[in-house]
Amino acid sequence: MLPLFSFVLFSYRRRTMSRPWTYVTQREAQKIDEELFSDYQYSVDQLMELAGLGVASAVLKCYPRDDLPSRNVLVCCGPGNNGGDGLVAARHLKLFGYNSSVYYPKRSEKQLFKNLVVQCENFRIDFVNDLPENPDEINRNFDLVIDSLFGFGFKGDARPPFSAALDTLKRVKIPICSVDVPSGWDIEAGDEEGLKPDSLVSIASPKLCARSFRGRYHYLAARSIPPEIKSKYGLNLPQYPGSEQCVKLE
Ligand SMILES: *[C@@H]1O[C@H](CO)[C@@H](O)[C@H](O)[C@H]1NC(C)=O
């Protein structure tokens, strides 16, 4: 009886005590993702487009274009789907009037990713081959960094060149906006010593580590969760206002 009771109490706490909305575990995030593809017949492209558009929309709210001296945004993309979200965000940011540049050192061989790169190139987005080791160089050339290196599937330690990139990003002074999770953090426990983003855009649902987020802005984006998944996983998430692509988590 006791273990079951503690589990129920724990779930209840996780869902309702600190904040009114739900945080999901890594396993829950993976299962929801799988179900969106299998039971709900979403394609990766669709979810990536919603995520990237949502991130760009949240950036527009947190860092209005006209508040940025240069409007130069550096989008750092990892090897997986989180990096794909970044490539989509870079394109929408360009459409919103920012000058996005992309750092994408380990390019996926999948056609979808190749297509996203071609789209960026056709929107005249610069690809930077190396991330400067000196954070001052990033501070000087950009107003904002989008961190889409690793997403909710991340476990263990970052490998080169991402380990070095994370070390650099930890030392930059300009704001960092993390996509879904701050890269390098444990998806549930967070990371006291890790990246300290100024903003976090949770994709579809906030992951447990978002409880340790101490930056200024936390948004939810990617309007993709069907009502049945909401009730099955007991997700309590805010309503998106009207046709907005993101909603602030107060
Ligand atoms: C856009 O950003 C790149 C990389 O920082 C820079 O070289 C370029 O001059 C910028 N373009 C504009 C129009 O500001």
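Computed from a predicted model, the values in this text were never measured in an experiment.

A. A look at the overall build of the chain. Along the chain, the regular secondary structure elements total eight helices and eight strands. C-alpha extents for the chain along the principal axes are approximately 60 × 40 × 35 Å. A separation threshold of at least 6 residues defines the contact pool for the chain, and within that pool the share at least 24 residues apart is 70%. Here the chain displays about 12300 Å² of accessible surface, and carbon together with sulfur accounts for 51% of that area. Of note, the chain has its 31 positive side-chain charges centred 3 Å away from the centre of its 31 negative side-chain charges.

B. Here's a closer look at the site of the ligand. Taken together, the residues surrounding the ligand are Asn72, Asn99, Ser101, Asp126 and Phe142. Between the ligand and asparagine 99, the relevant distance is 2.4 Å, taken from an oxygen atom to a side-chain nitrogen or oxygen of the residue. Across the complex, the protein chains shield 43% of the 360 Å² of accessible surface that the ligand would expose by itself. By residue class, the composition of the shell around the ligand is one nonpolar, three polar and one charged.

C. Structural view of the pattern of salt bridges. All chains considered together, the criterion is met by nine salt bridges. One salt bridge connects arginine 216 with aspartate 198, and the closest N-O pair in it is separated by 2.9 Å. Residue arginine 216 is located in the loop between strand S6 (199–203) and strand S7 (217–221), and its partner aspartate 198 is located in the loop between strand S5 (176–179) and S6; the two are separated by 18 residues in the primary sequence. Judged by its relative accessible area of 15%, aspartate 198 falls in the buried class.

D. Up close: the sheet that holds S5. Taken in spatial order, the eight strands make up an open sheet running S3-S2-S1-S4-S5-S6-S7-S8, and their pairing is mixed. What marks the edges here is a single partner per strand, and that holds for strand S3 (126–128) and strand S8 (246–248). Neighbour-to-neighbour, the strand axes of this sheet turn through a mean angle of 25°, independent of strand direction. Of the pairings in the sheet, the one linking strand S4 (residues 144–148) to S5 comprises three bridges and is parallel in character. Residue valine 145 lies in a different strand from S5, and its bridge partner there is isoleucine 176. Of the strands in this sheet, S4, S5, S6, S7 and S8 are in contact with helix H3 (residues 44–62), which crosses S7 at around 150°.

Rules and cut-offs
Residues numbered from 1 in each chain as written. Predicted model: local features only at pLDDT ≥ 70, side-chain atom pairs only at ≥ 80, totals over all residues. Heavy atoms only, no water. Helix = DSSP H or I, 4+ residues; strand = E, 2+ residues; numbered from the N terminus. Contact = heavy atoms within 4.5 Å. Areas by Shrake-Rupley, 256 points an atom, 1.4 Å probe, with all protein chains shown as cover. Lys, Arg positive; Asp, Glu negative; His and termini not counted. Charge placed at Lys NZ, Arg CZ, Asp CG, Glu CD. Near = heavy atom within 4 Å. Polar contact = N/O pair within 3.5 Å; in protein donor to acceptor, adjacent residues only side chain to side chain. Nonpolar A, V, L, I, M, F, W, Y, C, P; charged D, E, K, R; others polar. Salt bridge = Lys/Arg side-chain N within 4 Å of Asp/Glu carboxyl O. Buried < 20%, exposed > 50% of the residue type's maximum accessible area, 1.4 Å probe, protein only. Pairing = 2+ DSSP bridges. Axes fitted to C-alpha atoms, helices over the stretch in contact; angles between N-to-C directions.

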